[in-house]
Amino acid sequence: EGMALPQRIVVPPGKICMDWQQRQRPGAGLFNLGNTCYINVILQCLTHTAPLANYLLSYEHRQSCQQRGFCMMCTMEEHVRKVLCSPASAILPGAVLRDLKFIGDEFEYGRQENAYEFLRCTLSAMQRACLSGRRDLDISSQETTIIYQIFRGFMKSRVTCLSCQAVVDSYKAFLDVSLDIRAASSLTTVLEDCVTPKELDQKECFRCIKCKKKAAASKRVTVHRAPRVLTLCLERADQRTGTKISKFVEYPEYLDLRPYMSDTSGEPLLCCLYAIVVHSGDTCLEGHFLCYTKASNGLWYKMDDEFVDSCDIHTVLGQQAYLLFYAR
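Everything numeric in this text was worked out from a predicted model, so none of it was measured. (Residues numbered from 1 in each chain as written. Predicted model: local features only at pLDDT ≥ 70, side-chain atom pairs only at ≥ 80, totals over all residues. Heavy atoms only, no water.)

**A word on unusual backbone geometry**
Working step 1: A positive phi angle is found at Tyr 59, which is not glycine, with a value near 60°.
Working step 2: Even without a glycine there, the phi angle at Gln 165 is positive, about 70°.
Working step 3: With respect to the helices and strands, the residue Gln 165 is situated in the loop between strand E3 (153–161) and strand E4 (167–174). (Helix = DSSP H or I, 4+ residues; strand = E, 2+ residues; numbered from the N terminus.)

Written out as C-alpha cells, the structure is:
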C-alpha cells in the first residue's frame, strides 16, 4: 500500500515452488560442537522449508553471485545440498560455524545463544547476500528477493477515532511474528486477541485529522498480506519476571489465516505446519534446543542434533513449541 512498483524483479514469483520438487529421505542430523544446538535447529527448519530448499538446490544464486568472501546464500546452498544429499546419518555444519561472526556480531562460538535471534540474523544475512552486487536496485526491487518473497508479509494498523470514526491506516513489513502467550491457552486465542480492537492508552495521544484535536481512539492490527511461509515465535521469556513460560499452548496442524486478515471475506487462507522448534530447560538462558520437521516424503521427524528419529503428528502437536513454521 502506497509503495512504488519494483523497477526490476530479482526472483520472478513464478520461480517459487511451494511443493517439494524432489522426494527423498529426511536430511542428515547435525553434530553439536558444544552449545551449537540453537544453530542446528534453525538450519534444519530452513533446510526443510520447501520453497527455499527448491531454490537453493537449483544453484541459481551461485551462478550469478558476485559476492567476494563470505556469502550466506552460497553457504546455505552448500549446506542444504550436503544435508539432503549426503548418505551420512549426521554431518558437521562447518561452513556456518566458521563464519558465525558474519551472520551476527552477537554470536560467539561455544556460547549458548537464542534460536530465534539466530533465525532473524540468518535471514538478514541471506537477504544481504541476495542484494550483493546489485547497487542499482530501488527499495521496491530489493523486496523481490527469494528471502522476502518467501518469508515477508505486511501488517496493517488501523487507528479509529472514537469521536468521529475517522480512520488512519499504516503498514509494516515483517519476516516473523512474536506473540505474547502469558494469558493464552491456544495459538488461535492469541491471534484472536491480536486482531481485537484495543483502546489506546492516554499516553498514546492520537490527533484526529478530522476532529483536528486529540481524541480517544482504538487500534486494530491485522495481517494485510500473508507471507508464503509464516514464522511465529511464542514468547517463552516473561519480560517482567525474567522467568521461562513453560506452559503448553495448543497449536493446529492447519491454520486458517483468513479470520486474522484485513479482508476477512473470501476463501480460507490455509497454512500447514511443517516445522517447530522446542526449548527444554528451566530458564531461557540455558537448556537445549531441538526441532521437529516434516520431510519431503511427508513424514515427521524429531531432529535432536545428530539424532534423527521418525515420529507422528500427535507427538509434534504435543510439544511446548517456541517457534512455529507454517507454509501456505
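**A word on the packing of aromatic side chains**
Working step 1: Overall, the coordinates contain seven aromatic pairs when judged by the stated rule.
Working step 2: Centre to centre, the rings of Tyr 38 and Phe 118 are 5.6 Å apart; their planes meet at 90°, and the pair counts as edge-to-face. Note that Tyr 38 is positioned in helix H1 (residues 37–47) and Phe 118 in helix H7 (residues 115–131), a separation of 80 residues in sequence.
Working step 3: Members of the aromatic cluster, joined through ring pairs, are Tyr 38, Phe 107 and Phe 118.
Working step 4: The aromatic ring of Tyr 59 is capped on one face by Arg 81, whose charged end is 4.2 Å from the ring centroid. (Phe/Tyr/Trp six-rings, centres within 6.5 Å; stacked < 30°, edge-to-face > 60°. Lys NZ or Arg CZ within 6 Å of the ring centre and 35° of its normal.)

**Digging into H1**
Structural remark: α-helix, 3.6 residues per turn; residues separated by three or four positions point the same way.
Working step 1: Among the 11 residues that make up H1, 11 are buried, leaving the element largely enclosed by the rest of the structure.
Working step 2: Here H1 has its buried residues at Cys 37, Tyr 38, Ile 39, Asn 40, Val 41, Ile 42, Leu 43, Gln 44, Cys 45, Leu 46 and Thr 47. (Buried < 20%, exposed > 50% of the residue type's maximum accessible area, 1.4 Å probe, protein only.)

**Here's the deal with the sheet that holds E3**
Working step 1: Strand order in the open sheet formed by four strands is E4-E3-E9-E6, with antiparallel pairing between adjacent strands. Bordering the open sheet on either side are E4 and strand E6 (198–199), each of which pairs with just one other strand.
Working step 2: The pairing of E3 with E4 spans eight bridges and is antiparallel. Residue pairing across strands places Phe 154 opposite Ala 173, the latter belonging to E4. (Pairing = 2+ DSSP bridges.)

**Remarks on the pattern of salt bridges**
Working step 1: One pass over the full model with this rule turns up 11 salt bridges.
Working step 2: Salt-bridge contacts for Asp 176 lead to Arg 120; the nearest nitrogen and oxygen are separated by 3.2 Å. Separated by 56 residues along the polypeptide, Asp 176 in the loop between E4 and strand E5 (177–180) and Arg 120 in helix H7 bring together distant segments of the chain.
Working step 3: For Lys 156, the salt bridge is made with Asp 169, and the minimal N-O distance between the two is 3.7 Å. Within this pair, whereas Lys 156 is found in strand E3, its partner Asp 169 is found in strand E4, the two being separated by 13 residues in sequence.
Working step 4: Connected through salt bridges with shared partners, the residues Glu 108, Arg 111 and Glu 113 form a single ionic network. (Salt bridge = Lys/Arg side-chain N within 4 Å of Asp/Glu carboxyl O.)

**Let's talk about the pairing of strand E16 (residues 321–327)**
Along a regular strand, successive side chains alternate from one face of the sheet to the other.
Working step 1: Burial of E16 is extensive: seven of the seven residues sit out of reach of the surface.
Working step 2: Judged from the five bridges that link them, strand E10 (residues 229–235) and E16 form a sheet pairing that is antiparallel. For Leu 230, the partnering residue across the bridge sits in E16 and is Tyr 326.
Working step 3: The pairing of strand E12 (residues 270–280) with E16 spans six bridges and is antiparallel. Bridging from a neighbouring strand, Val 277 pairs with Leu 323 of E16.

**So, a nonpolar patch on the surface**
Working step 1: Taken together, the side chains of Phe 31, Leu 33, Leu 92 and Tyr 109 present a nonpolar region at the surface, about 360 Å² in accessible area.
Working step 2: Residue placement: Phe 31 occurs in the loop between strand E1 (29–30) and H1.
Working step 3: For Phe 31, a relative accessible area of 36% corresponds to the partly exposed category. (Patch = residues over 30% accessible without salt bridge, like charges linked within 9 Å, V, L, I, M, F, W, Y side chains within 5 Å. Areas by Shrake-Rupley, 256 points an atom, 1.4 Å probe, with all protein chains shown as cover.)

**Here we look at the nonpolar core**
Working step 1: Grouped together as the largest cluster of nonpolar side chains are 63 residues, with contacts concentrated most on Met 73 and Val 277.
Working step 2: Setting aside chain neighbours within four positions, we find Val 277 in contact with Val 41, Ile 42, Cys 45, Ala 115, Phe 289, Leu 290, Cys 291, Ala 321, Tyr 322, Leu 323 and Phe 325.
Working step 3: In terms of nonpolar packing, the next biggest core, distinct from the first, is built from 35 residues, Val 190, Ala 226, Val 249 and Cys 271 among them. (Core = buried A, V, L, I, M, F, W, Y, C linked by side-chain atoms within 4.5 Å. Contact = heavy atoms within 4.5 Å.)

**Looking at the environment of Arg 152**
Working step 1: Along the chain, the position of Arg 152 falls in the loop between helix H9 (146–151) and E3.
Working step 2: Overall, the relative accessible area of 16% leaves Arg 152 in the buried class.
Working step 3: What Arg 152 contacts, discounting residues up to four positions off in sequence, is Glu 143, Ile 147, Ala 173, Phe 174, Leu 175 and Pro 227.
Working step 4: A distance of 3.3 Å separates polar atoms of two side chains, one belonging to Arg 152 and the other to Glu 143. (Polar contact = N/O pair within 3.5 Å; in protein donor to acceptor, adjacent residues only side chain to side chain.)

**Digging into the environment of Cys 121**
Working step 1: Inspection of the secondary structure puts Cys 121 in helix H7.
Working step 2: Along the backbone, Cys 121 and Asp 105 are 16 residues apart, and their C-alpha atoms lie at a distance of 9.4 Å.
Working step 3: Apart from the residues lying within four places of it in its own chain, the contact partners of Cys 121 are Ile 103, Gly 104, Glu 106 and Phe 107.

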